[in-house]
Amino acid sequence: MKNILFIASEAAPFIKTGGLADVVGSLPKYFDKTKYDVRVMIPKYRCIPEKYKDMMKYIANFYVDLAWRSQYVGLFEMEYEGVHFYFIDNEFYFDGYKPYGYIHQDIEKFGFFCKASLSAIPLTGFKPDIVHCHDWQTGIIPVYLKERFHEGEFYRDMKSIMTIHNLKFQGIYDMKTIKDVTGLPDSYFTPDKLEAYKDANFLKGGIVYADKITTVSRSYAEEIKTPFYGEKLDGLMRARSNDLWGIVNGIDYDEYNPETDARIPHNYNQITFRKEKYKNKMDLQQELGLEVNPKKFMVGIVSRLTDQK
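Presented here is an overview of the structure given in this document. (Residues numbered from 1 in each chain as written. Predicted model: local features only at pLDDT ≥ 70, side-chain atom pairs only at ≥ 80, totals over all residues. Heavy atoms only, no water.)

**What about the pattern of salt bridges?**
Pairing is possible between side chains that carry opposite charge, provided their charged atoms lie close to one another.
Point 1. Here the structure, examined in full by the defined rule, presents 20 salt bridges.
Point 2. Where Lys212 meets Asp243, a salt bridge forms, and the shortest distance between an N and an O atom there is 3.2 Å. With Lys212 in strand β11 (residues 212–215) and Asp243 in the loop between α9 (234–239) and β12 (244–246), this residue pair connects regions lying 31 residues apart in the sequence.
Point 3. The class for Asp243 is partly exposed, based on a relative accessible area of 21%.
Point 4. Two residues, Lys296 and Glu291, come together in a salt bridge whose shortest N-O distance is 4.0 Å.
Point 5. Connected via shared salt-bridge partners are Lys29, Glu81 and Asp252. (Salt bridge = Lys/Arg side-chain N within 4 Å of Asp/Glu carboxyl O. Helix = DSSP H or I, 4+ residues; strand = E, 2+ residues; numbered from the N terminus. Buried < 20%, exposed > 50% of the residue type's maximum accessible area, 1.4 Å probe, protein only.)

Here it is as structure tokens:
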């Protein structure tokens, strides 16, 4: 049995701003549970719906040093749809009505989250073989695993995976601030480590120090090795190409099942789709004030409104 811990800044249905939450929330429940025990750790944001907070159970609390600070860490847990979730609590960092704010706030927030998450693992009673990190918000975790936590017997054999969902967002801020937040020594802020164009970069740290790197498709894994898509990290991606894997994101077959989806007016399956599916298109045409015509071709996109898309 392999033990795997996903650590991420969001997971559906608790908190979601994009596809990252879908993957972190749905992928663990589709692993073969006779071979893998996959669990998830995220922040306990104030904006998580109360119905989920009411289901959480308190485990423990402790304090972590964050450079010169000493910060409270609360640890909660719950089981949801057969998956064990852990939540890192700190009202100072995870207050507010949305998970992300200004970058200077988020740098300290997720620097804290990285250290608090690793420090909390022994209190869960679960020892992961692999810590699976997602995007820049968890980029310091592979660095910490190699830099200081590996000295402890509990962490010594843990491996890390860094998954890049979107290379455009890297957690970049001035070097002095990130040194202060992380407490990492100066030797870690060199061009072959966390330094990037005179600033410091959370995601770069994760890519440099992770044992393996994955991204959301084979084609994207190739694209990010090029200057056009590489967001100034293409040289690093080429250097780590032997450890880089592109794995296509799946979807949650329960959440996106047209036979049971309550969010569409006409349900259908592989037998009835010819008779029922087009009715949804006609309803949408009517809702949008378009010509209602089942033979009209329609193209839709579900996406963030951003220049990258």
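**What to know about the layout of surface pockets**
Point 1. When its volume is computed, the second largest pocket comes out at roughly 290 Å³.
Point 2. Lining the second largest pocket are 15 residues; nearest its centre among them are Ala12, Pro13, Asp22, Asp252 and Glu255.
Point 3. With 3 residues, helix α1 (residues 19–26) is the largest single contributor of residues to the lining of the second largest pocket.
Point 4. Classifying every residue of the lining of the second largest pocket by side-chain character gives 5 nonpolar, 2 polar and 8 charged. (1 Å grid on protein atoms, 1.4 Å probe; cavity = no way out; pocket = protein on both sides within 12 Å on 5 of 7 lines; lining within 4 Å. Points joined across faces, edges and corners; volume = space filled by probe spheres on them. Nonpolar A, V, L, I, M, F, W, Y, C, P; charged D, E, K, R; others polar.)

**Section: the pairing of β11**
Point 1. Relative to β11, strand β7 (residues 159–164) runs parallel, the two sharing 4 bridges. Within the sheet, the bridge partner assigned to Ile161 lies in β11 and is Lys212. (Pairing = 2+ DSSP bridges.)

**Thoughts on unusual backbone geometry**
Point 1. The omega angle of the peptide bond from Ala12 to Pro13 is 5 degrees, so this bond is cis rather than trans.
Point 2. Looking at the secondary structure, you find Pro13 in the loop between β1 (2–7) and α1.
Point 3. For Asp135, which is not glycine, the phi torsion reads 65 degrees and is therefore positive.
Point 4. At Lys232, a residue that is not glycine, the phi angle is positive and equals roughly 70 degrees.
Point 5. Classification of Lys232 by relative accessible area gives exposed; the value is 59%.

**Notes on a nonpolar patch on the surface**
Point 1. On the surface, Tyr30, Ile251, Tyr253 and Tyr256 cluster together into a nonpolar patch covering about 450 Å² of accessible area.
Point 2. Along the polypeptide, Tyr256 turns up in the loop between β12 and α10 (273–287). (Patch = residues over 30% accessible without salt bridge, like charges linked within 9 Å, V, L, I, M, F, W, Y side chains within 5 Å. Areas by Shrake-Rupley, 256 points an atom, 1.4 Å probe, with all protein chains shown as cover.)

**Quick notes on the sheet that holds β7**
Point 1. The 9 strands lie next to each other as β3-β4-β5-β2-β1-β6-β7-β11-β12, forming an open sheet whose pairing is mixed. If you trace the sheet from one side to the other, it starts and ends with β3 (57–66) and β12, each paired once. Taking the axes of each pair of neighbouring strands and ignoring which way they run, one obtains an average angle of 25 degrees across the sheet.
Point 2. In terms of strand pairing, β3 meets strand β4 (residues 69–80) through 9 bridges, oriented antiparallel. Residue pairing for β4: Asp65 is matched across the bridge by Ser70. (Axes fitted to C-alpha atoms, helices over the stretch in contact; angles between N-to-C directions.)

**Observations concerning the packing of aromatic side chains**
Point 1. Following the criterion strictly, the structure yields 24 aromatic pairs and no others.
Point 2. Aromatic pair Tyr93 and Phe112: ring centres 4.6 Å apart, planes at 25 degrees, arrangement stacked. One end of the pair, Tyr93, is in helix α3 (residues 91–94); the other, Phe112, is in helix α4 (residues 103–120), with 19 residues separating them in the sequence. With respect to class, Tyr93 is no different from Phe112; both count as buried.
Point 3. On the basis of an interplanar angle of 80 degrees and a centroid distance of 5.7 Å, the ring pair of Phe110 and Trp136 is categorised as edge-to-face. Pair noted here: Phe110 is in helix α4 and Trp136 is in the loop between β6 (130–134) and α5 (140–147), with a separation of 26 residues, a long-range link.
Point 4. By relative accessible area, which is 7% here, Trp136 ends up buried.
Point 5. Grouped by ring-pair contacts, the aromatic residues Tyr45, Phe92, Tyr93, Phe94, Tyr100, Phe110, Phe112, Phe113, Trp136 and Phe202 constitute a single cluster.
Point 6. The ring of Tyr197 has Lys232 lying over it, and the distance from NZ or CZ to the ring centre is 5.3 Å. (Phe/Tyr/Trp six-rings, centres within 6.5 Å; stacked < 30°, edge-to-face > 60°. Lys NZ or Arg CZ within 6 Å of the ring centre and 35° of its normal.)

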